[in-house]
Amino acid sequence: MATKVHMEALSPTMDEGQLVQWLRSEGDQVASGDVLAEIETDKATMELVARGDGILRKIFLGAGGVAPVGSVIAVIAGKDEDISSIQGPAGGAATAVAPQPPREEVRAVAAPAAVPARAVSAPTRRPSTPAAPAPAAVEAVGNGGRVKASPLARRLAEDMGVDISRVQGSGPGGRVVKRDIEAAKTAGVPAPSVTAWIPDEAEYQDVPTSQMRKTIAKRLATSIGPVPTFYLTVDVDMSRVIEARTSINAMLEAEGLKVSINDIVLKAVAAALRRHPECNAQWHDGFVRRFNSVHLGVAVAIDDGLITPVVKNAHAKGIAQMSAEVRELAGRARERKLVPEEYTGSTFSVSNLGMLGIQEFTAIINPPEAGILAIGAMEERPVVIDGAVTVRPRMRITMSCDHRVIDGALGARYLQTLCAMLEEPTAILL
């Protein structure tokens with residue numbers, strides 16, 4: 001009996017998949033469990049396996065094609081079995097979905113032959129070849145290619161349609177004057193040629209949207225609008241965190257390990273959430289879910305989007321363990337090798353753009369989570385301490401809060417605890 005190969009939901013949030021490549025061809029013998037193709041989901045590239053034995057008789061979806069979850073993209077059947085009634089995603093038994101260009105491809109759209117100057121966005125321009133000068137014309141060009149002419153002569157040349165660069169000046173030093181323009185008009189000196197400007201490059205580019213970018217668009221559209229969000233910002237003295245990092249790395253040196261400032265911040269975030277479970281929560285219609293364990297989502301930028309690997313039970317892990325796990329997850333995220341359970345299930349998230357020099361920003365909540373922290377750059381800034389101005393390493397942290405779950409005072413208390421832990425890292429151990 002024929003086995004339909006469906007576009008499977010290879011991640012919990014996947015609505016459609018893009019076929020990266022077929023690893024088997026039509027006519028190949030396959031067995032249940034064999035890897036048939038690679039599918040790009042909204043988060044990673046996953047393997048699609050056969051669910052039956054037989055011959056891969058028909059492929060409906062070409063490489064680069066996109067199909068909704070549940071649609072039939074191929075058929076496995078016996079050699080002589082009738083499969084004519086089985087249809088592909090386009091609605092026809094032999095119809096293939098037109099492939100999209102791969103993620104790396106950029107389609108350049110050629111500009112039309114005649115493009116108005118105002119329609120081209122900052123192009124590099126080149127003039128068309130001007131008409132050859134009339135044989136009797138003499139160019140009156142001074143230093144640097146500029147015509148020597150009186151203001152009256154220039155205005156008159158424009159009004160009469162005379163190309164002033166083709167007029168021989170009779171004034172002092174070869175200057176073009178009024179009588180020269182009048183004489184040129186009578187002699188039939190042509191008007192200035194119109195320079196047609198055309199762009200050296202295509203006017204614009206269309207970049208195909210990856211499955212990840214589509215999902216980011218869908219999910220974030222359900223956040224900043226529908227979620228009533230407010231923001232709280234604190235400015236933290238990071239002097240003791242720097243000292244703590246130096247001490248920790250000295251102890252880890254023999255093991256060849258190092259922790260970063262970000263690792264200590266993540267540990268403090270998780271520890272503070274354990275003390276404020278009201279912030280370690282999610283909004284669901286009809287109830288608020290508060291978590292006893294902290295599963296911390298850590299935003300990682302990759303080539304075509306953003307993914308948030310999850311450090312499970314972050315509150316229970318030491319800084320060195322957390323550092324190693326975050327580094328390993330981030331590395332596999334950039335290679336698109338995470339499995340769904342490694343990027344789902346977060347209870348709270350953190351986004352750090354400090355390493356890119358961003359001093360302060362606001363992050364968008366990832367529903368149904370109730371909050372996310374935006375970590376800015378650590379920098380030396382003058383501050384007043386005990387009435388005296390001194391320079392300290394400071395860092396701004398902004399918390400985006402879902403007001404349905406977190407009130408202003410509740411979010412403020414959480415940030416107070418987080419600040420206390422960063423300004424005295426031993427408090428993380430309490």
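Up top is the structure.
Residues numbered from 1 in each chain as written. Predicted model: local features only at pLDDT ≥ 70, side-chain atom pairs only at ≥ 80, totals over all residues. Heavy atoms only, no water.

S.K.: Explain the overall build of the chain to me, please; I cannot follow it from the model alone.
M.R.: What the chain contains, in helices and strands, is seven helices and 22 strands. When burial is assessed residue by residue, the chain has 44% of its 430 residues classed as buried. Across the chain, the fraction of contacts at a sequence separation of at least 24, relative to all contacts at a separation of at least 6, is 64%. (Helix = DSSP H or I, 4+ residues; strand = E, 2+ residues; numbered from the N terminus. Buried < 20%, exposed > 50% of the residue type's maximum accessible area, 1.4 Å probe, protein only. Contact = heavy atoms within 4.5 Å.)

S.K.: Just to check I follow, could you spell out helix α6 (residues 319-334) for this structure?
M.R.: Helical periodicity: at 3.6 residues per turn, an α-helix aligns residues three or four positions apart in one direction. Its 16 residues place the ends of α6 22 Å apart at the C-alpha level, agreeing with the 22 Å of an ideal helix rising 1.5 Å per residue. Taken residue by residue, α6 has I319, M322, S323, V326, L329, A330, R332 and A333 as its buried positions. Looking at the buried positions of α6, the neighbouring elements they touch are α4 (239-252), α5 (261-275), β16 (296-298), β17 (300-302), β18 (305-307) and β19 (310-311). Within two residues after α6, R336 carries a phi angle of roughly 60°, on the positive side. (Expected span 1.5 Å × (residues − 1).)

S.K.: Would you explain the sheet that holds strand β13 (residues 229-237) in this entry?
M.R.: Reading across the sheet, the six strands line up as β13-β22-β21-β20-β16-β19 and stay open at both edges, with mixed pairing between neighbours. Both outer strands of the open sheet, β13 and β19, are each paired with one neighbouring strand and no more. The pairing of β16 with strand β20 (residues 348-352) spans three bridges and is parallel. Looking across to β20, one finds that V298 is bridged to V350. (Pairing = 2+ DSSP bridges.)

S.K.: Would you take a moment to explain the side chain of D263 for this structure?
M.R.: In this fold, D263 is placed in helix α5. With no salt bridge to any partner, buried D263 finds its closest opposite charge in R327, at an N-O distance of 4.1 Å. Among the polar contacts made by the side chain of D263, one reaches the main-chain amide nitrogen of S260 at a distance of 2.8 Å. What D263 contacts, discounting residues up to four positions off in sequence, is I319, M322, S323 and R327. (Lys, Arg positive; Asp, Glu negative; His and termini not counted. Salt bridge = Lys/Arg side-chain N within 4 Å of Asp/Glu carboxyl O. Polar contact = N/O pair within 3.5 Å; in protein donor to acceptor, adjacent residues only side chain to side chain.)

S.K.: Help me out: how do you make sense of the side chain of S71 in this one?
M.R.: The residue S71 is located in the loop between β7 (66-68) and β8 (72-77) in this model. Within the local environment of S71, its side chain forms a polar contact with the backbone oxygen of P68, the two atoms lying 2.7 Å apart. Not counting chain neighbours up to four residues away, the residues in contact with S71 comprise V5, H6, M7 and P89.

S.K.: It is not clear to me how unusual backbone geometry should be interpreted in this structure. Could you clarify?
M.R.: A negative phi holds for most residues other than glycine; trans holds for most peptide bonds. The step from P367 to P368 runs through a cis peptide bond, and the omega angle for that step is 10°. Take P368: it is sitting in the loop between β20 and β21 (371-385). At D386, a residue that is not glycine, the phi angle is positive and equals roughly 55°. Within the fold, D386 resides in the loop between β21 and β22 (388-402). Here D386 falls in the exposed class, since its relative accessible area comes to 79%.

S.K.: Is there a simple way to think about a nonpolar patch on the surface in this case?
M.R.: On the surface, M355, L356 and I358 cluster together to form a nonpolar patch covering roughly 320 Å² of accessible area. Looking at where L356 falls in the secondary structure, it is placed in the loop between β20 and β21. Relative accessible area serves as the criterion here: at 64%, L356 is assigned to the exposed category. (Patch = residues over 30% accessible without salt bridge, like charges linked within 9 Å, V, L, I, M, F, W, Y side chains within 5 Å. Areas by Shrake-Rupley, 256 points an atom, 1.4 Å probe, with all protein chains shown as cover.)

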